[in-house]
Each structure stands twice: as structure tokens, then as C-alpha cells.
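# Descriptive analysis of the structure
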Amino acid sequence: MSAPASAPLPDLPVTFRPGRTRAVLYGVGIAQLAVLTVIAVLLPNLGGGERISFVFTGLVILGVLLLLARPKVVARQDGVTVVNLTTKRELAWAQVLRVNLRQGDPWVHLDLADGTSLPAMGIQPGIARDQAIRDARTLRALAENHGTGDQPAR
């Protein structure tokens, strides 16, 4: 999955995030909150606490969906920021040895200099496979250009 040699690198900073997935999550979250709020208002036999619990449930579901829409990868001149569901990690380019998106992977994995692998959920092929592949190739080219450059691409 190496980038073509003629492909120009984007200007930094650049943010990678699953746009279609985010749109779906935002849309579903807002729609379900609206439906639960309408149900809470329109059902005549509900008490005040029950109405509040309908709206509260809708807000909790919206919060979870917004959390699922949070992942992104930001490439800057000095390194990469990986934002996953509940974590955020700053990496220098030299720490990123390899960018991997293999067949069947739910998202990109970064092989790090300390021997670990970090999932980068901001690039995921779920709904937009072709865009995820392009983003992974671009991130790989950026890592090879800004990093140590001595690691072979897989």
C-alpha cells in the first residue's frame, strides 16, 4: 500500500477522519434524540420523571454516538496526534515506523519505535473504503518523508 512516487504530499497540518461515518453517527444521534423527545412530550400517560427519563436516555445515546464519532488523526510538521474514542496521543514522526492498513483491518495501525502498535481509528475503511486507503497511503508517505525513512514499507 505504498503511495505512488509522483503523489504530492498535502500541506500540513492535515486531519484524517471518517467523514461518512461521522455524518451517519451525528444524524442517527440527533434523530433518535428528537424521536425520544417527541415521544416524551406526546404520550399522555407519562409522568414528569418518565418524560425526563426519555429525554435523558436520548441524551446518553447521543453522547455515546458522538464519542464514536470522535476519532481522528492529525498530521503536523512536528508529528502526529492520534485521537481515539477516549484517548489522545501525541507522537513525533520518528516514533512512527510504519503505517498499516491490511485487508480486513477495522482501522489503521501505527507500528511505533517502542515495539508497540497504536490503533489510529481516524482512518477506517468501514463506509468509505477507498477514502480510507487514500488516507492511509498519504499518512504512510508523510511518515516516510518526515520520519527516519530507514524502515521498509510493508
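Residues numbered from 1 in each chain as written. Predicted model: local features only at pLDDT ≥ 70, side-chain atom pairs only at ≥ 80, totals over all residues. Heavy atoms only, no water.

Going by an unreviewed UniProt entry, the chain carries the name PH domain-containing protein and comes from Streptomyces chrestomyceticus.

We now examine the UniProt feature "domain: Low molecular weight protein antigen 6 PH" (unreviewed entry) in the chain. The positions UniProt marks with the feature "domain: Low molecular weight protein antigen 6 PH" (unreviewed entry) are residues 70-140. Across residues 70-140, the secondary structure splits into 17% helix and 41% strand, with the terminal C-alpha atoms separated by 22 Å. (UniProt positions renumbered as here; feature names shortened; annotations may be inferred. Helix = DSSP H or I, 4+ residues; strand = E, 2+ residues; numbered from the N terminus.)

Turning next to the sheet that holds strand 6 (residues 108-112). What the 3 strands build is an open sheet, ordered 5-6-7; its pairing is antiparallel. Whereas interior strands pair on both sides, the edge strands pair on one side only; in this sheet they are strand 5 (96-100) and strand 7 (117-120). Recorded for the sheet is a direction-independent mean angle of 25 degrees between the axes of neighbouring strands. Both strand 6 and strand 7 contribute to a ladder of 4 bridges, which runs antiparallel. Each bridged residue has a counterpart across the sheet, and for Val108 the counterpart in strand 7 is Ala120. Here helix 3 (residues 129-146) sits on the sheet in contact with strand 5 and strand 6, set at roughly 165 degrees to strand 5. (Pairing = 2+ DSSP bridges. Axes fitted to C-alpha atoms, helices over the stretch in contact; angles between N-to-C directions. Contact = heavy atoms within 4.5 Å.)

Looking at the assigned domains, one finds that the chain contains domain 1 (19-69) and domain 2 (71-147). Centre-to-centre, using C-alpha coordinates, domain 1 lies 32 Å away from domain 2. Buried surface at the junction of domain 1 and domain 2, both sides included, amounts to about 550 Å², of which 65% is carbon and sulfur. Our count for the contact surface shared by domain 1 and domain 2 stands at 0 salt bridges. (Domains from an automatic or database assignment. Buried area = accessible area lost by both parts, 1.4 Å probe. Salt bridge = Lys/Arg side-chain N within 4 Å of Asp/Glu carboxyl O.)

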